[in-house]
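Now for the letters of each chain:
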Amino acid sequence: MAGFLEPPIKKQKSEDNNTAFNSNQSTSQNSTNGKVNGHTNNTPVNRNPPFCKFPSSPKFNNTFDPKPRHSDHLKALIKQRRALPIFPVRAKLLSELEKQDFVILIGETGSGKTTQIPQFLHEQRWDRKGAICITQPRRVAAITISKRVAEEMDTKLGGLVGYSVRFEEAVSQSTKLKFVTDGMLMREAIVDPLLSKYSWIILDEAHERTISTDVLFGIVKDAHKNRKANGKDPLKVIIMSATMDVDHFSNYFHKCPVLYVEGRQHPIDMFYAKEKQDDYVLTSMSTVFQIHKEAPPQHDILVFLTGQEEIDSVVHTIRQIAKDSSLSEYPRLRVHPLYAALPAHQQLEVFRATAEGERKVIVSTNIAETSITIPGIRYVVDSGRAKIRSYHPNSGFDMLKVRKISQAQAWQRAGRAGREAAGHCYRGFTREEFDALELNPVPEILRSNLASVILQLLAIGIKNVLTFDFIDKPSPEHVQEAIEQLTLLGAVTVQSETLELTETGKKMAQFPLEPRYAKVILSGPEYGCTDEVLSIIAALSSESVFVNPSGKREAAAIAKRKFISVEGDHITLLKIIRAFKAVKSNKMWCHENFLNFRNLTYALEVRKQLVQVCQRCGVNISSCQQNFDAVRRCLVAGLFTSVSELQLDGRYLTLAAKQEATIHPSSVLFGGKPAYVLFTELVHTGQTYMHVNTPVDAQWLYDVAPEYFRKRHIKINP
DNA sequence: GAGCACTGC
């Protein structure tokens, strides 16, 4: 224990980073906040925010008239609005936006850009001819921001201001300020590639580089060009972001101007490890106790680690150490884990205010980087690690690996300490190691299966996906692999080097699903089991429906037996969904059967949406009742590229890439040796595992894709 | 007999 208490890190204040988050500096004219300065070593960042330097243009003034009827609450809101850093630069901003079709706006947390700019545009009545659409990477953000803006504008949500996210929307004919998830706007583009409803598109949080934002970059550029060419009203585009590689973005958007607005962030002291640490978990824990012994009570600590298991064990250890009598003179420690898989009531614990004489320690995954904001955090301990998923085109498996985070992520994490007051960030890595980190995270689009993206681009009418104007081009292998998959699924045909969407492909694009799942559903009518595969695919779209509490493994296993089918995991899922529907989504029933109510409810919601898409596409929904062979054959029709074959030595090799894989112990097929296994995904952890599996007949494989399997020489049993 | 960061349609 003494090892933990002995700090391996010597306090080492880094001069430039100490000032980096200094709010005094960030109010001066030629500096924004920490992130900008944090990048100065490596990035050509314009450190002269033009907003602060130029006088207001006479055409746009910096005031607006609150109507006298306003309540005290509204007056307070107006006061808050006027105090935002974006407010003084309103005029300059508007004059720039009037002139330009594309503008990049860099502003850190607290600048007010997201809530104010849509209102500025509305106040100019620039939304007369078309609405303003503002995208967010996350649903909650889209909803909460729209609520805030509606409140500020003193209108009812769903009227002038609205939102639209999957499964939920509040919009009407009169909605002019519409907050949506980026995925939602992608969907809209399939129906309306010119985005003709909108006069302004604001892509917010662009630095996060989600697949959808990246694709939208290209789509808005295309829509802008085509609207111009067709003599339609121009599309105006604002890219909003925290600090990023500005030149890269500006060059992409026709060398458009980049505007800066300062953020509002309290100063943060940065501490780096003096020397390399070889055990980041141990380093993080000892840092917590070092802080604990020095910091005043109620100054809470947020620790960033990588995953559930690691976090649970660290939480346990910290609690054990905290009991030691040598620590009795210090504040009482309240330690909480935080990760997405945690039940909601346990997640809520982290929001509970710290009592007097107490200190809260939150040990979290990167969920606390952006998705969840915890009040009271004054200290951040950053292990510098996160789990990141990447996809390998040739082998087709997903890797979920612990990796070093990027500099941008490190700044984001540090920033969590400075939201309410001056904060501190302790980094379990040296300054040299920090400098050696990648500046920005690898964009999602460069580490994902592109089949969905390519299908959607084709559906939008972008003919040449090979030359699509991605801001960062995926590798040709990635693109080629996606095209091959789509060809095998019968979604596209390749004719003299151009891709053509088939009728099936057009329908597939309508589904909010991976193309191979959409293909399963579209194959439903042929096997008379659309009803069944809808349930299975909906279940696959959700997180695991099983609950497996560590103390009650035995009981959970017994409960699962009721639903287990020798016909595999997919049929087992089907039985569970059927049973859940039969008990009318009973929560108690879920509890008794060790099933996850939230995820099952989500699955039914997805199912409902899929049914609607089926109706739109004219897909007949019929049931095969107990004919599970039909269901399995139907699964093969979409998932036939995910099949492995039993070898003479008892191993399995995937047919697609001859990759060795093992049946995961959570599968009902575990311990058995069917000749052919259809799996849902390959996950590469210690070994390569097949997750969610169904045994299939070789003959079925031939029936669905004769050529594909002839090449692979599968053996048909007599 | 293994173990899974986080979003989104």
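Sequence order sets the numbering: in each chain, residues are counted from 1 along the sequence as written. Chain letters and ligand numbers both follow the written order, the letters beginning at A and the numbers at 1. Totals for whole chains, interfaces and linings use every residue, but because this is a predicted model, local features are given only for residues with pLDDT of at least 70 and side-chain atom pairs only at 80 or more, for both listing and counting. For side-chain calculations, the full set of non-hydrogen atoms in the structure is used, while hydrogens and water are omitted.

S.K.: Residue-level account of the overall build of chain A, with values.
M.R.: Check the secondary structure of chain A and you find 31 helices and 23 strands. Residue burial in chain A is summarised as follows: out of 718 residues, 56% are buried. Contacts in chain A between residues far apart in sequence, at least 24 positions, make up 73% of those at least 6 positions apart. When the accessible surface of chain A is totalled, it reaches about 31,600 Å², and 50% of it is carbon and sulfur. A run of H or I in DSSP becomes a helix once it reaches four residues, and a run of E becomes a strand once it reaches two; helices and strands are each numbered from the N terminus. Burial classes follow relative accessibility: with a 1.4 Å probe on protein chains only, a residue under 20% of its type's maximum area counts as buried, one over 50% as exposed, and anything between as partly exposed. Contact between two residues is taken to exist if any of their heavy atoms lie within 4.5 Å; hydrogens are not considered. Surface accessibility in these figures is a Shrake-Rupley result with a 1.4 Å probe; residues are shielded only by whichever protein chains are displayed.

S.K.: Quick one: what's the story with the sheet that holds strand β2 (residues 131-136), residue by residue and with numbers?
M.R.: Two strands are said to pair when DSSP picks up at least two bridges between them. As summarised here, the arrangement of the 8 strands in space is β4-β3-β5-β2-β6-β7-β1-β8, forming an open sheet in which the pairing is mixed. Two strands in the sheet have a free side with no partner beyond their single neighbour: β4 (168-170) and β8 (258-261). On average, adjacent strands in this sheet sit at an angle of 20 degrees to one another, irrespective of strand direction. Relative to strand β5 (residues 177-181), β2 runs parallel, the two being bridged by 5 bridges. Paired with I134 across the bridge in β5 is F179. Packing against the sheet, helix α8 (residues 113-123) makes contact with β1 (102-107), β2, β5, β6 (198-203) and β7 (236-241), and its axis sits at approximately 160 degrees to β7. As a rule, the C-alpha atoms of each element are fitted with a line to give its axis, helices using only the stretch in contact, and angles between N-to-C directions run from 0 to 180 degrees. Strands in contact with helix α11 (residues 211-229) are β1, β2, β6 and β7; relative to β6, the strand with the most contacts, it is inclined by about 155 degrees.

S.K.: Report on the sheet that holds strand β10 (residues 300-304), specifying residues and quantitative values.
M.R.: If you walk across this open sheet you meet the 6 strands as β9-β16-β13-β10-β12-β11, and the pairing is parallel. Each of the sheet's edge strands pairs with one partner strand only, and the pair in question is β9 (268-272) and β11 (332-338). In this sheet, neighbouring strand axes are inclined to one another by 15 degrees on average, regardless of whether the strands run parallel or antiparallel. For β11 and strand β12 (residues 358-364), the ladder comprises 7 bridges, and the chain directions are parallel. Residue pairing across strands places P337 opposite V363, the latter belonging to β12. Against the sheet, helix α14 (residues 308-322) engages β11 and β12, with an angle of about 175 degrees to β11.

S.K.: Any details on unusual backbone geometry? Residues and values, ideally.
M.R.: Most peptide bonds adopt trans geometry, and most residues besides glycine take a negative phi value. The phi torsion at K255 lies on the positive side, around 50 degrees, for a residue other than glycine. The topology assignment puts K255 in the loop between α12 (246-252) and β8. Of note in this structure, K584 is not a glycine but carries a positive phi near 55 degrees. Positionally, K584 belongs in the loop between α26 (569-582) and α27 (587-592). For K584, a relative accessible area of 71% corresponds to the exposed category.

S.K.: Outline the protein's contact with DNA strand B, supporting the account with residue identities and numerical values.
M.R.: Here a residue counts as near a molecule or strand whenever at least one of its heavy atoms sits within 4 Å of it. The environment of DNA strand B is formed by 31 residues, the closest being R139, R166, A340, T685 and H691. When atoms of DNA strand B within 4 Å of the protein are sorted by moiety, sugar and phosphate together comprise 68%. A distance of 3.0 Å separates a base oxygen of DNA strand B from a polar side-chain atom of R553. Definition of a polar contact: a pair of N or O atoms within 3.5 Å, with one able to donate and the other able to accept a hydrogen when the atoms are protein atoms, and with sequence-neighbouring residues admitted only if both atoms are side-chain atoms. The separation between a base nitrogen of DNA strand B and a polar main-chain atom of P665 is 3.5 Å. Counting only elements with at least two residues in the surface near DNA strand B, the list comes to α10 (182-191), α14, β14 (385-391) and β23 (688-695). In terms of residue count, the dominant contributor to the surface near DNA strand B is α10 (3 residues).

S.K.: Tell me about the nonpolar core, residues and numbers included.
M.R.: Note that soluble globular proteins tend to have their nonpolar side chains buried in a common cluster. Buried residues of nine kinds, namely Ala, Val, Leu, Ile, Met, Phe, Trp, Tyr and Cys, make up a nonpolar core once their side-chain atoms join them within 4.5 Å. With 119 residues, the main nonpolar core has L195 and F511 as its most contacted residues. Ignoring sequence-local partners within four residues, the contact set of F511 consists of R187, A518, I521, L522, L610, V613, C614 and C617. By size, the runner-up hydrophobic cluster in this structure holds 35 residues, among which are A150, A170, W200 and V261.

S.K.: Account for helix α17 (residues 407-415), with residues named and values stated.
M.R.: Judged by how many residues are buried, α17 sits mostly within the fold: 9 of 9 residues are covered. Taken residue by residue, α17 has Q407, A408, Q409, A410, W411, Q412, R413, A414 and G415 as its buried positions.

S.K.: Pulling in residues and values, what's your account of the pattern of salt bridges?
M.R.: By convention in these notes, a salt bridge is any Lys or Arg side-chain nitrogen within 4 Å of a carboxyl oxygen on Asp or Glu. For the coordinates displayed, the defined rule picks out 28 salt bridges. Note that R139 is salt-bridged to E168, the shortest N-O span being 3.7 Å. One end of the pair, R139, is in helix α9 (residues 139-152); the other, E168, is in strand β4, and 29 residues separate them in sequence. In this structure R139 comes out as partly exposed when scored by relative accessible area, which is 35%.

S.K.: Help me get a handle on the environment of G423, residues and values and all.
M.R.: Tracing the chain through its elements places G423 in strand β16 (residues 423-427). Once the C-alpha coordinates of G423 and H299 are considered, the two residues, 124 residues apart in sequence, prove to be 9.2 Å apart.

S.K.: Tell me about the pairing of strand β17 (residues 492-495), and please be specific about residues and values.
M.R.: Pairing analysis gives 4 bridges linking β17 to strand β18 (residues 498-501), with the strands arranged antiparallel. For V492, the partnering residue across the bridge sits in β18 and is L501. Hairpin geometry of β17 and β18 is characterised by an intervening segment of 2 residues between the two adjacent antiparallel strands and by a positive phi of about 40 degrees at S496.

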